[in-house]
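Topology and contacts: notes
Chain by chain, the residues:
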Amino acid sequence: QVQLVESGGGLVQAGGSLRLSCVASGRTFSNYAMGWFRQAPGKEREFVAAIDWSGGSTYYADSVKGRFTITRDNGKNTVYLQMNSLKTEDTADYYCAAGRNAFYLRAKAVEIWGKGTLLTVTS
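If you're wondering where the values come from, they're calculated on a predicted model, not measured in any experiment.

Take the pairing of strand 1 (residues 4-7) next. Residues Leu4 and Glu6 line the buried face of strand 1, whereas the alternating positions Val5 and Ser7 sit on a face that is not buried. With four bridges joining them, strand 1 and strand 3 (residues 18-24) adopt antiparallel strand pairing. Across the sheet, the residue bridging to Leu4 is Ala24, located in strand 3.

Attention now moves to the side chain of Glu6. Counting through the fold element by element, Glu6 comes out in strand 1. Buried within the structure, Glu6 lacks any salt-bridge partner; Arg45 is the closest side chain of opposite charge, at an N-O distance of 7.4 Å. Of the polar contacts made by the side chain of Glu6, one reaches the backbone nitrogen of Gly116; its length is 2.9 Å. Once residues within four sequence positions are removed from consideration, Glu6 is found in contact with Ser21, Cys22, Trp36, Tyr94, Tyr95, Cys96, Gly114, Lys115, Gly116 and Thr117.

Calculation notes
Along each chain, numbering runs from 1 in the same order as the chain's sequence is written. For this predicted model, a pLDDT threshold of at least 70 governs which residues receive local features, and a threshold of 80 or more governs which side-chain atom pairs are given and counted, while totals over whole chains, interfaces and linings are taken from all residues. Processing note: side-chain calculations cover all non-hydrogen atoms of the structure and skip hydrogens and water entirely. Partly exposed residues are those whose accessible area sits between 20% and 50% of the maximum for their type, while under 20% is buried and over 50% is exposed, using a 1.4 Å probe and protein chains only. Numbering of helices and strands runs from the N terminus; a helix is a DSSP stretch of H or I covering at least four residues, while a strand is a stretch of E covering at least two. Strand pairing is defined by DSSP finding a minimum of two bridges between the two strands. The charge count treats Lys and Arg as positive and Asp and Glu as negative. His and the chain ends do not count. Here, a salt bridge means any Lys or Arg side-chain nitrogen found within 4 Å of an Asp or Glu carboxyl oxygen. Whenever two N or O atoms come within 3.5 Å, that pair is a polar contact, provided that in protein one can donate a hydrogen and the other can accept it, and provided that, for residues adjacent in sequence, both atoms are side-chain atoms. Any two residues whose heavy atoms approach within 4.5 Å are treated as being in contact.

Scope: geometric values only; no functional claims are made or implied.
The following block contains the structure:
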């Protein structure tokens, strides 16, 4: 069973950049599509980005398209979320997720969740 641990959250000013990392334990990381979700206070958890097992296909929520980039390094069992041009509305807990299909991750077809890392964007 794969376990996911996120890191890289913190406090950043609007317009700034930050990179989140998610390290997966276990030897089957490359079998999974990976994604990032976020949940702001009082709101439902929402899809942010997903990447297939090879890194060849990526998907993004409209709200982050052009600002966020998801990548993965199967040799390091790690998936990244590079976040640029951050806005205050990006403030949320960010969760790493693993599933069988990147396309269906968008619909929360998640098998494994991480515990989250908090991003706070100040004005």
